[in-house]
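One-letter residues, chain by chain:
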Amino acid sequence: MKTTQRLAPMVILLLCTVVRMQPARAELKDGDVLGPSNWAEAKGLLPDEILDHYRQGDYVNPILDITKPGAVSIQLPADFQEASRANSGLYALSPVGSIIEQRTGQQPPHVFGLPFPDIDPQDPQAGTKIVWNFFYSTWYGDNTHFLTELVMLSRGGVDRRLSTDVYTLMYDGASDARGRANPNNLLSQTMARVVSPADLNGTVSLTWRYRDPSKHDSLWTFVPGLRRARQVSALNRSDGFLGSDFSLDDGAFFDGKPEDFVFRLVERRDQLVIMDPYSVRGEAEIMPVPGGGWRIVWKDVPRIGADAPDWHGLPWAPVSAALARRPMWIVEATPRDPNYLYGRIVLRFDAETYQGSFATKYDRAGTLMLSYQAGTGGYYSGDGGHTYIFAGGLAVRISENFLYKRATVVLFPPRKRENPADYRIPLSADMFNADALIRFGK
C-alpha cells in the first residue's frame, strides 16, 4: 500500500505531462481547405463516412464563414419567422405523430411557419417536431417545377445520365396554399416525367400524399412499353428510382411520411454542412417566370468531380461546394414497416433553419448502406424583399451507396435561363390525375 501511495503522485504527474504534450486541435477557419493534410481537425464535425473521404483526398472543400460581413443570410425569411413565433403553443402531436391543434385535438386545415418553434431537447417528441419543422421550412417555396438530372456513377466515372421534368403542387405550408381547393385532403401532388435517355423517355410517375395519417401515399406510373397507367405500392418509396441509388423518400433531403416513422432526438451539436458559396457571397441569380413565380439561374461551374477535368478524387465529390459550421439537430428515424429497405436513418437538421444536410442509412444489422448528402444556401428576393425563394448558384444532392461503391447525384442542369428551376408558380390540379399521367407519357 505504501509503494502504491508513493507512485500515485508520479503517475498523475506523468499523465499531466502527456496531456500538455498533445497539441490542441486547430480550429478550421474561413479559407482553409479540408483535405488529407488537416482532416483530423474536422473530427466530430462530419459523419464518420464523410470525414473518411476528406482523409483519403476523395473530397476536398474550402471552409466558408457565412457570418462575415456581406454574406447573404441563410436564415428563414422574416414573414416565415414571424409566423413561426405566432405558432408557439398552438400545436401538439397525436399518438402517431401527426400535427394537431392544441385546443381542439384536430388536424389544422393549414399551417404556415414552423409548427414547433420552441424545441425542448428533453421532450420525448422533440425528434418528430424537428422533422415537421423541416417539412414546413421546405414547403415555404410553394409549387415547384424543376428540370433535374440524375447522374449514376461508379468509381470509374459516369455510368448513365437521366433527365426528369418534375412538378409539385402544394396544399399546405406556403402562404399561397391557404384556401387552395383540396377535396381529397392532400398535402401535395407530384408528377415526374423522364425526358431522356430515349429508352426511358415518357416514363411518368404520379404521387399523392394525404394529410390523413392512416392513409399511405398513392402512387401511379405510366410505362411507355405498356401504354397504360397502373397503381403501384407506396412501400416502393425506399427503393431506388429507375435503378439509381436515389429513392422517392429522399426528395430534397428526407421525404418519408412522418407518421410512417418513429423519431428520436439524439443530440444537438455543431457540424460542417455542404454550403453553396455563390449563394452566400451574393453571386446567385433569380428571375421572374412568365405567368408568375421565380426561377433560379444556375452557375456554369462543375458540380461534381466527374465534370471537373483536373479532379482526381471520387467522381461524385461536390467539387464546387464549401463547408460551413452550423448548429445541428441529430435525429434517428426508425421505419414502422418491417419491409422498409432501411432499418435506421440518422438525419441531421440545421437547428435554426431546419434544412437537412447528411442522412446516414443503415440496415437492420447496423451495417452502413447509404449516405444522402444535401447542400444548402441563402434566400433571395427579386421584388424588393416582398417574396423570397431558397436559391443558389449551384445545387447538389448525393446518394452514395457504400455497399456497391457507387452513387447517384441529383443536379439541376443544363444551367440555362430557359430551363425550369421554379418556385411559387401557379399550377392546376388537373395536371395531377390519371388522365394527365397518360397525356404526359405520350
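See the structure above.
Below you will find a few notes about this structure. (Residues numbered from 1 in each chain as written. Predicted model: local features only at pLDDT ≥ 70, side-chain atom pairs only at ≥ 80, totals over all residues. Heavy atoms only, no water.)

When helices and strands are tallied, the protein chain shows six helices and 22 strands. Against the globule reference of 22 Å for 442 residues, the protein chain gives a C-alpha radius of gyration of 23 Å, in line with a compact fold. Seen through its principal axes, the protein chain has C-alpha atoms that stretch 90 × 60 × 50 Å. The burial tally for the protein chain puts 54% of its 442 residues in the buried class. Long-range contacts, defined as pairs at least 24 residues apart, comprise 64% of the intrachain contacts of the protein chain with a sequence gap of at least 6. When the accessible surface of the protein chain is summed, it comes to about 19,800 Å², and 53% of that surface belongs to carbon and sulfur atoms. Averaging the locations of the 48 positively and 50 negatively charged side chains of the protein chain gives two centres separated by 3 Å. (Helix = DSSP H or I, 4+ residues; strand = E, 2+ residues; numbered from the N terminus. Rg over C-alpha atoms; globule rule 2.2 N^0.38 Å. Buried < 20%, exposed > 50% of the residue type's maximum accessible area, 1.4 Å probe, protein only. Contact = heavy atoms within 4.5 Å. Areas by Shrake-Rupley, 256 points an atom, 1.4 Å probe, with all protein chains shown as cover. Lys, Arg positive; Asp, Glu negative; His and termini not counted. Charge placed at Lys NZ, Arg CZ, Asp CG, Glu CD.)

Residues Phe 253, Phe 254 and Leu 347 are the most contacted members of the largest nonpolar core, which totals 66 residues. Counting residues per element, this core draws most heavily on helix H4 (residues 126–139), at eight residues. Those residues in contact with Leu 347 that lie beyond four places of it in its chain are Phe 253, Phe 254, Phe 263, Trp 329, Ile 330, Val 331, Ala 333, Phe 358 and Ala 359. Formed by 26 residues, the second largest nonpolar core is a distinct cluster that contains Leu 28, Leu 34, Ile 274 and Leu 314. (Core = buried A, V, L, I, M, F, W, Y, C linked by side-chain atoms within 4.5 Å.)

Inspection of the entire model under this criterion finds 28 salt bridges. In this structure, Asp 142 and Arg 180 form a salt bridge, with 3.2 Å as the shortest nitrogen-oxygen distance. Of this pair, Asp 142 sits in the loop between H4 and strand E5 (144–154) while Arg 180 is found in the loop between strand E6 (157–170) and strand E7 (186–196), placing the two residues 38 residues apart along the sequence. For Asp 249, the salt bridge identified is with Arg 237, shortest N-O distance 2.7 Å. Note that Asp 249 is positioned in the loop between strand E10 (228–232) and strand E11 (261–275) and Arg 237 in the loop between E10 and E11, a separation of twelve residues in sequence. Here Asp 249 and Arg 237 have matching classes, each one buried. (Salt bridge = Lys/Arg side-chain N within 4 Å of Asp/Glu carboxyl O.)

Here we come to helix H2 (residues 48–56). Buried within H2 are the following residues: Glu 49, Ile 50, Leu 51, His 53 and Tyr 54. Here the buried face of H2 lies against strand E1 (33–34), strand E2 (61–62), strand E14 (322–335), strand E16 (356–362), strand E17 (368–374) and strand E20 (397–401). Looking one or two residues past H2, Gly 57 carries a phi angle of roughly 80°, positive in sign.

A few words on the packing of aromatic side chains. Centre-to-centre distance and the angle between the planes together describe a pair of aromatic rings. Tallied over the full model, the rule gives 27 aromatic pairs. Here Phe 135 and Trp 139 contribute two aromatic rings whose centre-to-centre distance is 5.3 Å and whose plane-to-plane angle is 35°, an arrangement assigned as tilted. In this pair, Phe 135 and Trp 139 both sit in helix H4, four residues apart, roughly one turn of the helix. Note on accessibility: Phe 135 and Trp 139 belong to one class, buried. Arranged with centres 5.4 Å apart and planes meeting at 85°, the rings of Phe 146 and Tyr 423 form a pair that is edge-to-face. Placement of Phe 146 in strand E5 and of Tyr 423 in strand E22 (residues 421–423) is noted, with a sequence separation of 277 residues between them. An identical accessibility class is assigned to Phe 146 and Tyr 423; each is buried. Cation over ring: Lys 215 sits above Tyr 210, and NZ or CZ is 4.2 Å from the ring centre. (Phe/Tyr/Trp six-rings, centres within 6.5 Å; stacked < 30°, edge-to-face > 60°. Lys NZ or Arg CZ within 6 Å of the ring centre and 35° of its normal.)

Another aspect to go through is unusual backbone geometry. Ser 196 connects to Pro 197 through a cis peptide bond whose omega is 10°. Among the secondary structure elements, Pro 197 is positioned in the loop between E7 and strand E8 (204–210). The phi dihedral of Tyr 354 is positive, around 65°, even though this residue is not glycine. Along the chain, the position of Tyr 354 falls in the loop between strand E15 (344–350) and E16. Accessibility expressed as a relative area gives 3% for Tyr 354, which makes it buried. Non-glycine residue Arg 424 carries a positive phi angle of around 60°. Within the element layout of this structure, Arg 424 appears in the loop between E22 and helix H6 (434–441).

Geometry only, nothing functional implied.
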